[in-house]
Every structure is written in structure tokens, then in C-alpha cells.
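Okay, here's what each chain looks like letter by letter:
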Amino acid sequence: MPIPDLYRLDELFTEEQRLIQRTVRDFVDEKILPGVRQWNRDAVFPVELIPEMAALGLLGATIQGWGCAGVDYVAYGLIAQELERGDSGFRSFVSVQNGLSMYPLLAFGSEEQKDRWLPPMARGEVVGCFALTEPDFGSDPGGLITQARRTAGGWVLNGVKRWSTNATIADLAVIWAKDEAGVIRGFLVEKGTPGMTAPEITGKLSLRVSVSSEVHLDDCHIPAENALPGAVGLKTALMCLNQARYSIAWGAVGAALACFEEAVEYAQTRIQFDRPIAGFQLVQAKLARMWTEITNARLLVLRLGQMMDQGKAHHAAVSMAKRYNVQTALETARTCRDLLGASGIVDDYHVFRHMANLESVYTYEGTHDIHTLILGQELTGLAAYA
Amino acid sequence: MNILVCVKHVPDTEAAVKIAADGKSIQTQDVNFVLNPYDEYAVEEALRLREARGGEVTLLSAGPEEAKKSLRTGLAMGADKAVHLVCAHRHDTLTLARALAAAAGQIPFDLILCGKQAVDDDEAQLGVMLAEALSLPSVSAIVKLEVLDGKAVARREVESGLEVVETSLPAVFTAQKGLNDPRYPSLKGIMMAKQKKIEEIACAQSDSQVEILDLAYPKSRSGGKIVGQGAAAVPELVRLLHEEAKVL
Ligand SMILES: Cc1cc2nc3c(=O)[nH]c(=O)nc-3n(C[C@H](O)[C@H](O)[C@H](O)COP(=O)(O)OP(=O)(O)OC[C@H]3O[C@@H](n4cnc5c(N)ncnc54)[C@H](O)[C@@H]3O)c2cc1C
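Residues numbered from 1 in each chain as written. Chains lettered and ligands numbered in written order. Predicted model: local features only at pLDDT ≥ 70, side-chain atom pairs only at ≥ 80, totals over all residues.

**Details of helix α5 (residues 187–195) of chain B**
Among the residues of α5(B), Leu187(B), Lys188(B), Gly189(B), Ile190(B) and Ala193(B) are the ones counted as buried. Summarising the contacts, the buried residues of α5(B) are in contact with α1 (15–32), α3 (50–56) and β2 (68–69) of chain A together with α2 (67–77) of chain B. (Buried ≥ 20, exposed ≤ 12 C-beta atoms within 10 Å, placed from the backbone. Helix = DSSP H or I, 4+ residues; strand = E, 2+ residues; numbered from the N terminus. Contact = placed C-beta atoms within 7 Å.)

What follows is the structure, encoded as C-alpha cells:
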């Protein structure tokens, strides 16, 4: 049973936004939830669902033109929320395709690059990935050491990237590397370009329904027209992350809601000491707290979405929402896991999978603590990173 | 080929329905309303016919202002036009079928599709009555539809089998689950539906010939009964099923 909408949040969305939410919700119920347990066991991302997500218009959803739907940011947030109600892997796929692959083309690409790549990306025929992180540079991407050297006809790339979502299945990689002057730039590398390989990272205990990869660049030559003309400086890479963080903040709400709904129902039906465990004060205290926290998280991202639509969202506001909502979702998942007792550790229920997924979400796109430092710097004017 | 699809705005089947204070209607406040699930099959079938043969799909819905929401859902799925027969209050199905028939008279169509029934009142009457009001043949609860020149062949589920029916066109068909797998409204469809205008026609007021006197909740179920254990309990179980439950 859906939990009551105590704060009447539904009324804060337009008819179109609710219809979009419903479309994605139905898709998740019918296409994702029945298969997700097996995909999680097998550690596979079902690529066969990519064309279906594209047909719904989820890829490049906020972009106007190039065959994209052009929805507002609040609607996009609801899409992320509903997808992550299914599994963080699907929301990650869409965050990477939209925020980290299509957005850099839109914001920093030439007209030719946009015309060539955006339409097939919207159709799901071209899967993108984004490679900033390296084995030795995670929270500190400014230190990255992948090299881009000018050649007669273009550039040659050398280095190793790690933790690039989708790289193994991607047709187009957005690679961040330093030029001779030490300036970070973004490049497009097409699948099959000699010198690039993207082995999958195996053995993950989190985000198993998502492809995570290394990217090896070994004298990888690309033509001059594959440099993203506007992607110059670390700031441009961080602008992409801002897009993805926005969808993560909404997505976390979906994972939290999935766990919470499961736990409320479980608590109402699980009998111990001759009564439903939901009737015990300690259990109710946990439920009341989670319900309040989730409501907070929903209000936070709704306001953030309105600011995104008005072009007024400060990057620190995005950090605040990513930090708070993912923390809330992770704590909710852990508490719900506790409420399910031993049942909470088997995959007959969704909580454990969400809980494990949220460990990745807590870390990627700026760890929880890195966002703490971003907020700290914004508030005090003092940077505390190093 | 022009197709008219009649759709209804109904409470979501997941909604917990409560009886209103008057005892004769349901509380609509806080209840989520959706496009009637059987009508989704009708819309989908119409869209597929249009995709195969060209033409236009027009949606027609009678109901209060909120019924526009279900028309928008159908437009978002891909219908071309929508007509809203604005009726402030509830009519019996025959009166409604006549009103819809009058409205249908102003819309060019080669066939009409409806859902087999609306999941709110479950009457399963409207499609057939509409056909009667328009003096058209009707085939109800279809699970397959093939349109040929000037005629159509439909399959319908009957008790433990399938019935294959041929009819001339125009005709009215009502859709049963299994007819197709309705598409989700795409984001682009939803954005485009926002731009489309819904034509309004006023419902000629006529009195309802049927009045709901009273609504009541089903009896709440009482606890089960354990008759006994093992084979020894079987005769008593059979006796109870036969004499008390009267199911054997
Ligand atoms: C499933 C998954 C998918 C990913 N997808 C992508 C992708 O598509 N593209 C991409 O480029 N990257 C991706 N990443 C990488 C991700 O962004 C990094 O993991 C993240 O930035 C953290 O880097 P790190 O793992 O190297 O941790 P580290 O930076 O080594 O951090 C380890 C710990 O140290 C803390 N720490 C670090 N610096 C400080 C400091 N100054 N002050 C206080 N604490 C500090 C961190 O908060 C953390 O707790 C992905 C990661 C995962 C897990």
C-alpha cells in the first residue's frame, strides 16, 4: 500500500509532471521490478531495456530539440525518483546518459557534434559514458594525470580511468585529460578507436545492476573534431557532475520510498509477542522519523528543481541536496533492513539491494564528506580540502 | 480509417474507495483518478489501426471537468483529437449512451472502440448501448481485431473457448484484456498533449432514469475455521462446504 501523502506533495506538481511520473512508475513496476532480483544476482545491466527507456523519452529528457522530449527539471527529478524506486542502476544509467554524456555535448560541443550525436543518444542507439576518475584521483580530480597531446591531425590520449559507469557498453566516451599546459579538457572517443579498451570491474557488492569499468588509453589517436570545444578547465567537468548530482538527489528519494513502503507493510503484518511489530513504540519511533526525513528530502529536491528550471540553482544547493538526500536514503535503508529482521538480508525483499546500492551513491559524484566541504567552503569562505 | 474511442475517467483500482456522507456516492476527494484500464486497450488498438492504415483517432469522454485528465492521457498515448462531453452530474448508462451517440454523430468515424467495462461501476453496458443508439452492430469483449475492406473480424472470449465474429463496418467493439499491450504515454507525447486543444460540447441535460438509492461496504470477512487435521477431517469439511458454504 502506498504511504499517505501527508504533506500533499502531489498537489505541488503539474498535471504533466504527474503523468510523466506515472509513466515511469508503470514502466518500473512492469519492466524493472519483475527482473531486478535476477539481474542483481547475475550482476548484469539489462541492455535490452535501453530502447524502451529511449522510446519513453527518458534519454536527454530535459533537452529541447534533437528529438528529445524537453521536459522541465522537476519532471526530470520525478523520472530519477521513480527509476531509483526500481534500482539505483537504472537511475545511474539515465544520469550518466543525460547528465554526463548528452549534457557535455549540449553545453560544450560544436553544432556538428550535437547534430551527430544527440539524436542517436536520445534514441538509445548510442550509449555514452564519462571518465574523469582515475585510480589515483577520485575526490581530487584536478590532480588527474591522463595526458592529451596534440598531433598533426588531432590528439593522442594516454592514461587509465577507473569507475566509469557504462564504459564497457558505451559507443561514445567523454574522456577528461590534461593538455601540454596542464589544462583539463574533454574529448569524445568513439567505440572501437584503436588504443582504447574498457574492461568491466567485477566483484562489486553494490550497484550490481550497472556496468562499471576501467578505461585504458594507450596511444589512442582521435581527430581534432573530437575535442569538445567548450570543455576547457576542470570547472566544465564539474558542471556535468552538477547535472548528475541533481538527478541523484531525486533518485535517493525513490530508493528511500521503496525501502520505507516495504518496511511499513512488513511491520504491519509481522507478528511478534502476539501483535504486529508496528504496534511497538520503538518501531513507530523509527517509522515516524523516517517518514519525516523522507518528506524533508522530497521538499528539498522539489525546491531545487524549481531553482534549476529558473536557472538559479547554486552548485552548493545541489551539493546540499545530494548530501542530505543520499544520507537520508542510506539511513532509511539501514533502518528498514533492521525492521525486516532476518528477512531483510535476503533478496526476496528489496531493502538490502537498495541499501547496498546506496553505499555507491553515497560515494560517487562527490562523496558525502566532499559535499560537506563544499558547503563548509560556501558558508565560511575557507576551503578545507587539503 | 477514422476511429472513435470512448473513454472514462475512473478511480484508480489501487485507491481505497470510501462512501460519501450522502450514502449514495463515493468520496472523490483524495482519490486518484485514471483512464479506465479497459479503455487503454481500446486506445492502443485504435493507435495501431491508425499506424497501419492512416486516419485519425478521436477520443470522446463524458464526465465532469476532471475527465479532461483522462483525455490528456489518451492524447499523450498518441490520439489526435479529444472531445469532452461536459456533464456535471451522473447519468444512467442508457441516457449516457444516447448522449454519446449524439456527440458521435458529429465526428466522422469508421469504427468505434470502447473498453469492455468501466472499473468503477462495472456495468459493461455502455459500448453495446451506444451501438444500439447508433443502429450499429457491436462485438463485445474482443481479444483480437482484424480490419478488412468494409468489414472486420474479431475474436472474443466465451466460456472455455474463442468465438470468431465477422461484422460489417462501421461497428462498435469493446476491448477485453489481452487485446494488446497498451503503450506508456511517452514524455514527448505528454508534452505534445499539453498543446492539443480539447473540444467541449455541452451535455443536453436530461434526467437520469436510474437512481442510486444506497451504497454499502461489503461485509468484512470473519476469521477462518479449522475443521480438524488429516484425512479424518475431510468428511466434515465436505459436509460444511456443501451445507454451510454451499459451494459444492
Ligand atoms: C559505482 C560507481 C560508479 C562511478 N561512476 C563514475 C563515472 O561514471 N565517472 C567517473 O568519472 N567516476 C565515477 N565514479 C567514481 C566516483 O566519483 C569516485 O569514487 C568518488 O569521486 C570518490 O573517489 P574515490 O573512490 O577515489 O575515493 P577517495 O577520494 O579516495 O576517498 C576515500 C575517502 O576519503 C575521503 N576524503 C577524500 N578527500 C578528502 C578530504 N579532502 N577531506 C576529507 N575526506 C576526504 C572521502 O570522503 C572518502 O571517505 C563511480 C564510482 C562508483 C563507486
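**Quick word on the domain arrangement of chain A**
Residue and element names in this part refer to chain A. Considered domain by domain, chain A is made up of domain 1 (9–122), domain 2 (128–231) and domain 3 (235–380). Placing a centre on the C-alpha atoms of domain 2 and another on those of domain 3 gives a separation of 30 Å. On the side of domain 3, nine residues touch domain 2, which itself brings twelve residues to the contact. (Domains from an automatic or database assignment.)

**Some remarks on helix α4 (residues 126–133) of chain B**
Buried residues of α4(B): Leu126(B), Gly127(B), Met129(B), Leu130(B) and Ala131(B), and no others. Ser135(B) sits one or two positions beyond α4(B) and adopts a positive phi of about 55°.

**Things to note about the environment of Arg48(B)**
Residue placement: Arg48(B) occurs in helix α1 (residues 37–53). Considering only alpha carbons, one finds Arg48(B) and Val247(B), 199 residues apart in sequence, at a separation of 44 Å.

**A few points about the site of the ligand**
Residue and element names in this part refer to chain A. Near the ligand there are 21 residues, and of these Thr133, Gly138, Ser139, Trp163 and Thr367 occur at the shortest range. Elements represented by at least two residues in the shell around the ligand include exactly β3 (128–131), β5 (154–165), α10 (351–363) and α11 (368–380). Taken together, the residues of the shell around the ligand break down into ten nonpolar, nine polar and two charged. Taken together, domain 2 (128–231) and domain 3 (235–380) each give at least three residues to the shell around the ligand, which thus spans both. (Near = placed C-beta within 6 Å. Nonpolar A, V, L, I, M, F, W, Y, C, P; charged D, E, K, R; others polar.)

**With respect to the interface of chain B and chain A**
One frequently used descriptor of interface size is the decrease in accessible area upon assembly of the parts. If you look at the interface, chain B gives twelve residues, while chain A gives 15 residues. Elements with a contribution of two residues or more to the side of chain B that touches chain A: α2 and α5 of chain B. Among the elements that line the side of chain B that touches chain A, the one with the most residues is α5(B), at five residues. Tallied by class, residues from the side of chain B that touches chain A come to six nonpolar, two polar and four charged.

**What about the sheet that holds strand β7 (residues 138–148) of chain B?**
Residues and elements named next belong to chain B. With mixed pairing, the nine strands of this open sheet are ordered in space as β9-β8-β7-β10-β6-β1-β4-β5-β11. Each edge of the sheet is formed by a strand with only one pairing partner; in this case those strands are β9 (161–168) and β11 (198–202). Sheet twist, expressed as the mean angle between neighbouring strand axes with direction ignored, is 30°. Here five bridges tie strand β5 (residues 81–86) to β11, and the two strands are oriented parallel to one another. Looking at β11, one finds that valine 83 is bridged to glutamate 199. Packed onto the sheet, helix α3 (residues 93–104) meets β1 (3–6), β4 (57–63), β5, β6 (111–115) and β11 and runs at close to 145° relative to β4. (Pairing = 2+ DSSP bridges. Axes fitted to C-alpha atoms, helices over the stretch in contact; angles between N-to-C directions.)

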